[in-house]
Amino acid sequence: MKTLITNVRIFYHHALQPAEMLFDENEILAIEEKMDLEAMSLDPEDVQVVDGNGLALLPGLVDTHVHLREPGHSEKETIATGTAAAAAGGFTTIFAMPNVLPFPSTPEVMKDYLALIEKDSRIRTIPFATITVDEAGAKPVEYAAMKKMGITRFSDDGVGVQSEAIMNEAMEKAAQAGVLFSCHTEDMNYRHTGASVHAGKMAREKGWIGIPSECESEQLKRDLRLAGKHGLRYHADHISARQSVRALHAAKEMGYPVSAEVTAHHLLLEEKDVQGPNWKMNPPLRSHEDRMALIEGLENGDLDFIANDHAPHTAEEKSRPMDKAPFGIVALETAFPLLYTEFVHHQQRWSLRQLIEWMAEKPAAAFGLEKTGKLEVGYRPDFFLANLEADEVIDPEKFLSQGHNTPFAGWPSVVSIEQTWANGRRVFERNH
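This one's a predicted model, so the numbers in the text were calculated from it and none came from an experiment.

Q: What exactly am I supposed to notice about the packing of helix H1 (residues 79–88) against helix H2 (residues 107–120) here?
A: Helix packing geometry: the angle between the two helix axes and the distance between the axes. Contact geometry for H1 and H2: axes closest at 9 Å, N-to-C directions at 55°. Here H1 is positioned oblique relative to H2, judged by the angle of their axes. Read as a crossing pair, H1 and H2 show a hand that is right-handed. Contacts between H1 and H2 involve Ile79, Ala80 and Thr83 from the former and Tyr113, Leu116, Ile117 and Asp120 from the latter.

In structure tokens, the structure reads:
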């Protein structure tokens, strides 16, 4: 079935412009200022027409760092609820982190995981396999065997591989297989039991146990060195510290095949904002100087794109004291509205083009997704419709995610996401 969306401003050729878009379940067929169906030898009776109500039509967003929790932790989130939340946030492709049970460390487990995703996912969901068996950091998985079934991206997610010898072996084998590593770097020699926030001024004032920047940056430097040695395609997760930005800059200067992401919360918040467990994430919110380095690193290319580490937890878990509550916040339904509101609308520091590139085009390119991240003829029909002049407030009670653990409750937003389409099908429509 072909669908024609009219009465919209389409983000086309890097700018919003009045146009109409024709698509089917496989690809975008045409983008024209005014579509002439008869000239295209199409019977208008065979085309579904959707009125876009003057909204902005934007490319579907891509998030390379999402926790769906299922199987194993469905009290926090499920594939169905997590991908519904993604659609509500404008995301049409996400990459699912492998900290589920059983861990996707073998082709047999991955086959079952893929079947579950196929059954329940509302959008395109691409799973990571683990770097080491069961994320235990002791034995690399069989990358070539996973690649035969189409799995080419690997992560141990919230666990840094502590042994340099194991990581060296893993990278050597992964480079031979031609796959990608996406790594959370954390040297546990720098982290003490009960640590919950950045090791800075706020930790000292509140009596909290801090996590120093070196916990992230020192293992990152090791990984970058090993990735350069083996020529491995390497991606650094949720960068938070200015030392890490400098390390990535140096690695890129040396021509290493590396990329890096930064989250919305690390761009918007810093250590002084922390009020309790809903501000507890790993890596933690760091200093003002760190946050500015992240913003500038994204702008100058030391950091490549935005990914948001959506990490749902139950209300009971997040009601525990700081040293006992789990790390992580939900992000899928707030990332684009908050970043657009702060950096495009309020500060006017970024353009819509930059934000779309960092949340759609660049993550798609970095992770090898074809025909994704832009609105062009022949590309995937993945997009969302948004009001960019709304008067909204972030309300966790309206989230489609099972997790309501956000530090952004009550924050104003000028964005309301009205519809999301994936694979040419409407997968989200806002209830007013």
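Q: Whenever I open this one, the pattern of salt bridges confuses me. Can you help?
A: Two side chains that carry opposite charge are able to pair once their charged atoms sit near each other. Counted under the stated rule, the structure contains 20 salt bridges. The partner of Lys34 in a salt bridge is Glu20, with the nearest N and O atoms 3.4 Å apart. Taken together, the positions of Lys34 in the loop between strand S3 (28–32) and strand S4 (47–51) and Glu20 in strand S2 (residues 15–23) put the pair 14 residues apart, joining distant regions of the chain. Lys34 sits in the exposed class, given a relative accessible area of 65%. Relative accessible area serves as the criterion here: at 7%, Glu20 is assigned to the buried category. Measuring nitrogen to oxygen at the nearest pair gives 3.2 Å for the salt bridge that ties Lys324 to Asp323.

Q: How should I be thinking about the packing of aromatic side chains in this particular structure?
A: Tallied over the entire structure, the rule returns 14 aromatic pairs. Here Phe383 and Trp421 contribute two aromatic rings whose centre-to-centre distance is 5.7 Å and whose plane-to-plane angle is 15°, an arrangement assigned as stacked. Taken together, the residues span a long stretch of sequence, with Phe383 in strand S16 (residues 383–387) and Trp421 in strand S19 (residues 416–422) at a distance of 38 residues. A relative accessible area of 2% means that Trp421 is categorised as buried. Above the face of the Phe327 ring, Lys280 is positioned so that its terminal group lies 4.6 Å from the ring centre.

Q: Would you mind going over unusual backbone geometry with me for this structure?
A: Excluding glycine, most residues fall at negative phi; most peptide bonds, likewise, are trans. Of note, the amide linkage connecting Glu70 to Pro71 takes the cis form, showing an omega dihedral of 5°. Looking at the element boundaries, Pro71 is found in the loop between strand S6 (61–66) and H1. For the peptide bond that leads from Leu101 to Pro102, omega is 0°, which places it in the cis range. By secondary structure assignment, the location of Pro102 is in the loop between strand S7 (91–96) and H2. Residues other than glycine seldom take positive phi values, yet Asp134 does so here, at roughly 60°. Of note, Asp134 is situated in the loop between strand S8 (124–127) and helix H3 (143–148). Residue Gln348 is not a glycine yet carries a positive backbone phi of 55°. With respect to the helices and strands, the residue Gln348 is situated in the loop between helix H11 (335–346) and helix H12 (352–366).

Parameters and conventions
Residue numbers restart at each chain and count upward from 1, following the sequence in its written direction. Local features in a predicted model are, by the rule used here, given only for residues with pLDDT of at least 70; side-chain atom pairs are given and counted only at 80 or more, and totals for whole chains, interfaces and linings are based on all residues. Computation of side-chain values covers all heavy atoms of the structure but excludes hydrogens and water. Every axis corresponds to a line fitted to the C-alpha atoms, with the helix fit spanning only the stretch in contact, and the corresponding angles, defined between N-to-C directions, vary from 0 to 180 degrees. Secondary structure is summarised from DSSP: a helix means a run of H or I of at least four residues, a strand means a run of E of at least two, and numbering begins at the N terminus for each. Should an angle lie under 35 degrees it is considered roughly parallel, over 145 roughly antiparallel, and from 65 to 115 roughly perpendicular; all remaining angles are considered oblique. Less than a right angle of anticlockwise turn of the near helix away from the far helix marks a crossing as left-handed, whereas a clockwise turn marks it as right-handed. Contacts between residues were defined by any pair of non-hydrogen atoms, one from each residue, lying within 4.5 Å. What counts as a salt bridge is simple: a side-chain nitrogen of Lys or Arg found within 4 Å of a carboxyl oxygen of Asp or Glu. For every residue, the accessible area (1.4 Å probe, protein chains only) is compared with the maximum for its type, and the residue is labelled buried under 20%, exposed over 50%, or partly exposed between those bounds. Within 6.5 Å between ring centres, the rings of Phe, Tyr and Trp (the latter by its six-membered ring) count as paired, and their orientation is classed by plane angle as stacked under 30 degrees, edge-to-face over 60, tilted in between. A ring is considered to have a charge above it if a Lys NZ or an Arg CZ atom is located within 6 Å of its centre and within 35 degrees of its normal.

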